[in-house]
Every structure is written in structure tokens, then in C-alpha cells.
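Fold and contact review
Letter by letter, the chains look like this.
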Amino acid sequence: VYKRQVPHTNLLAWCLMPNHFHLLVQANLETQKIVRETPIKINALTESMRLMLSSYTRAIQKQESRVGSLFQQKTKFKCADDYLTSAFHYVHQNPYRAGIVRNIEDYPWSSMKEYAGMSSKNLCRQDIAYQFINIEKERFLTDSYSVIPEEVKRKIETD
């Protein structure tokens, strides 16, 4: 008998860039549990992402007969509760700010088109995003270009 499992996270937004990626996820109580405490506290979500990325890196290294990092920066995990709306727009603005596209909605490798109603993909839990993030369906595309305050950008990009 197949038993439907409860997801450990809800994907709210994503963007795959040429040399890095962004995921905005909502963790549940199971993934917030601390699984390791030395030298710092590590929760189940962070540990799962570490294992997934490590496995992916080893597979690509083997496939391509190469060594070293696949991504430019070390993966960062942070709680965006205090700036959730800005973090959501930041994820979608990434290719635009990098000069890869002229319009945010032109980039094919993000959840932008899904929210703008330009794609039938349903990878994100839009219902949860609309519940917890200050976005409106009718204004989504216009609001996606909103300016993110510099101090919030610094919070997102550092730590």
C-alpha cells in the first residue's frame, strides 16, 4: 500500500543561474529539528541539502572526470522570515540584475513564469507563497521589478 508522505519542505521560489542557484523553501517541523550540534547547530534541512549537493557534485565530477567545486560559492542557508517578500523578489530578479535578460519574465530557468501565469509547470507551492509572502497575483509582474533596499540586499547576499 502506497502511503503519501508529507513533504519536508515547500518550494516557494527557485532560480538556476549559470554558476549558482537560489531556492526559497518553507521548512516544516521535521526539517527544523537539530541533527548535529558540533561545532554549530545543524538542522535536518541543512544536512539534507549538504548531502544532496555533495552527492550531486561527486556524480558530476565522476561523469566529467574532473575535481573541485561545481559552484563558485559555498552554499548558504539562512532564515528569511524578516525579509521574505524581498527574498522572493531577489530570487526572481537574479538573472535580470546579472544582465542575462532584459526582462525578468524572459528567463526560462526560474519560477518567475510559473507565478506570472506564463507556464503550466507547478513546481512551487503558490498557495503557500501567496499566504505568507506579500505578493498579489494581479500585480505580480509589476511588483517583481520592485527595488529591494540595499540593507536587505546585503542581508540576503552575506552571512
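Higher on the page you've got the structure.
Here goes a summary of the coordinates provided. (Residues numbered from 1 in each chain as written. Predicted model: local features only at pLDDT ≥ 70, side-chain atom pairs only at ≥ 80, totals over all residues. Heavy atoms only, no water.)

**Let's talk about the packing of helix H3 (residues 84-97) against helix H7 (residues 150-157)**
For clarity, the cut-off: Fitted lines through C-alpha atoms give the axes, limited to the stretch in contact for helices. The angle between two N-to-C directions lies from 0 to 180 degrees. Each helix is a run of DSSP H or I of at least 4 residues and each strand a run of E of at least 2, with the numbering of both proceeding from the N terminus. Angular relationships are summarised with four words: roughly parallel below 35 degrees, roughly antiparallel beyond 145, roughly perpendicular across 65 to 115, and oblique for the angles in between. The contact definition used throughout considers only heavy atoms, calling two residues in contact when any of these lie within 4.5 Å.
Remark: H3 packs on H7, axes separated minimally by 11 Å, with the N-to-C direction vectors making an angle of 85°. Relative to H7, the element H3 is oriented roughly perpendicular. Of the residues in H7, those in contact with Ser 86, Ala 87, Tyr 90 and Arg 97 of H3 are Val 152, Lys 153, Ile 156 and Glu 157.

**Structural notes on the nonpolar core**
The line we're drawing: Definition of nonpolar core: a set of buried residues of the types Ala, Val, Leu, Ile, Met, Phe, Trp, Tyr and Cys, connected through side-chain atoms within 4.5 Å. For every residue, the accessible area obtained with a 1.4 Å probe (protein chains only) is divided by the maximum for its type, and the residue is called buried under 20%, exposed over 50%, and partly exposed between those limits.
In this structure, Leu 24, Phe 88, Tyr 115, Ile 133 and Ile 135 are the most contacted members of the largest nonpolar core, which totals 28 residues. Of all the elements in the fold, those that place two or more residues in this core are strand S1 (9-16), H3, helix H4 (112-115), helix H5 (126-132) and H7. A per-element tally of this core places H3 first, with five residues. Not counting the four nearest positions on each side in its chain, Tyr 115 is found in contact with Leu 12, Phe 88, His 92, Cys 124, Arg 125, Gln 126, Ala 129, Tyr 130, Ile 135 and Phe 140.

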